[in-house]
Amino acid sequence: MTRVLVVDDEPQILRALRINLRVREYQVDVAATGTEALQMAARHPPDLVILDLGLPDLDGVEVIQGLRGWTKAPIIVLSGRADSMDKVEALDAGADDYITKPFGVEELLARMRAAVRRTGTAGDQPRIRLGDLIVDLAAKRVIRQSPVPASRGPASRGPAGAEDQPAQSDDIHLTPTEWHLLEVLLRNPGKLLSRNQLLTEVWGPGYADATGNLRLYMAQLRRKLEPDPARPRWLITEPGMGYRYQPSPDEDA
């Protein structure tokens, strides 16, 4: 089910879109301010965003820029601003499409379908290997694969000559915040992400000073994912600057 975030400060538009999209089997989240939109997207990453530019706290372009820091989900602007410069600014900031109010629901739905097609299917999303872990960004799963036991000849067979069993795969549970932090890092391999950038993208613009949150969640991720959390291989701290995901040269991505 495609998850859509609708951002608009007009209650009647939020209500109408929520009803129309749910009837068509979309999963819908709504937000009436830019801050609420960024926080909602951090808690429940959307597959597509419908965004008004005229919000009461942040300009819609700022919201686009905040989302584009970590997600490639299509953004369709739905705005009463008809000036061509407003359209250019929104598209340059990272919006995928622009519809001027008043609008037709069927046209919006057609543009949503086109935007989702352009971004590809879930199978196009990467699966990243971290040692014996597989991070499936489409399925939002972290899977630990146990090694296949080495064959030891006839003595290794079980009753009635049974062969060694296939390797077992176990899911590693991550909280929504842990997952979102990991996803932002993995989608930027080798890139230094500042503490402020991570805090804004994962927790929202009101958390720029909550560095304790970031340290806590990075420590939790390392305990769950790193072979030696005290000497991390992939989730690297750059003292005084931020964090980066450093892929190993011999690992597939």
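Residues numbered from 1 in each chain as written. Predicted model: local features only at pLDDT ≥ 70, side-chain atom pairs only at ≥ 80, totals over all residues. Heavy atoms only, no water.

Enquirer: A description of the sheet that holds strand β12 (residues 242-245) should follow, citing residues and the corresponding values.
Expert: Strand order in the open sheet made by the three strands is β10-β12-β11, with antiparallel pairing throughout. Whereas interior strands pair on both sides, the edge strands pair on one side only; in this sheet they are β10 (193-194) and β11 (235-238). Of the strand pairs in this sheet, β11 and β12 are connected by four bridges, and their pairing is antiparallel. Residue pairing for β12: Thr-237 is matched across the bridge by Tyr-243. Here helix α6 (residues 176-186) sits on the sheet in contact with β10, β11 and β12, set at roughly 70° to β12. (Pairing = 2+ DSSP bridges. Helix = DSSP H or I, 4+ residues; strand = E, 2+ residues; numbered from the N terminus. Contact = heavy atoms within 4.5 Å. Axes fitted to C-alpha atoms, helices over the stretch in contact; angles between N-to-C directions.)

Enquirer: A description of the sheet that holds strand β3 (residues 48-51) should follow, citing residues and the corresponding values.
Expert: Strand order in the open sheet made by the five strands is β2-β1-β3-β4-β5, with parallel pairing throughout. Across the chains shown, the open sheet's two edge strands, defined by having one partner strand only, are β2 (27-31) and β5 (97-100). Within this sheet the neighbouring strands show an average axis-to-axis angle of 20°, counted without direction. With five bridges joining them, strand β1 (residues 3-7) and β2 adopt parallel strand pairing. Paired with Val-6 across the two strands is Val-30, which belongs to β2. Lying on the sheet, helix α2 (residues 34-43) is in contact with β1 and β2; it crosses β2 at an angle near 145°. Relative to the sheet, helix α4 (residues 84-93) contacts β4 (75-79) and β5, its axis offset from that of β5 by approximately 150°.

Enquirer: How would you sum up the environment of Ile-99? Please name residues and give values.
Expert: You can see Ile-99 is positioned in strand β5. Once the C-alpha coordinates of Ile-99 and Ala-82 are considered, the two residues, 17 residues apart in sequence, prove to be 8.9 Å apart. Ignoring any residue separated from it by four or fewer positions in sequence, one finds Ile-99 in contact with Ile-76, Val-77, Leu-78, Ser-79, Leu-108 and Arg-111.

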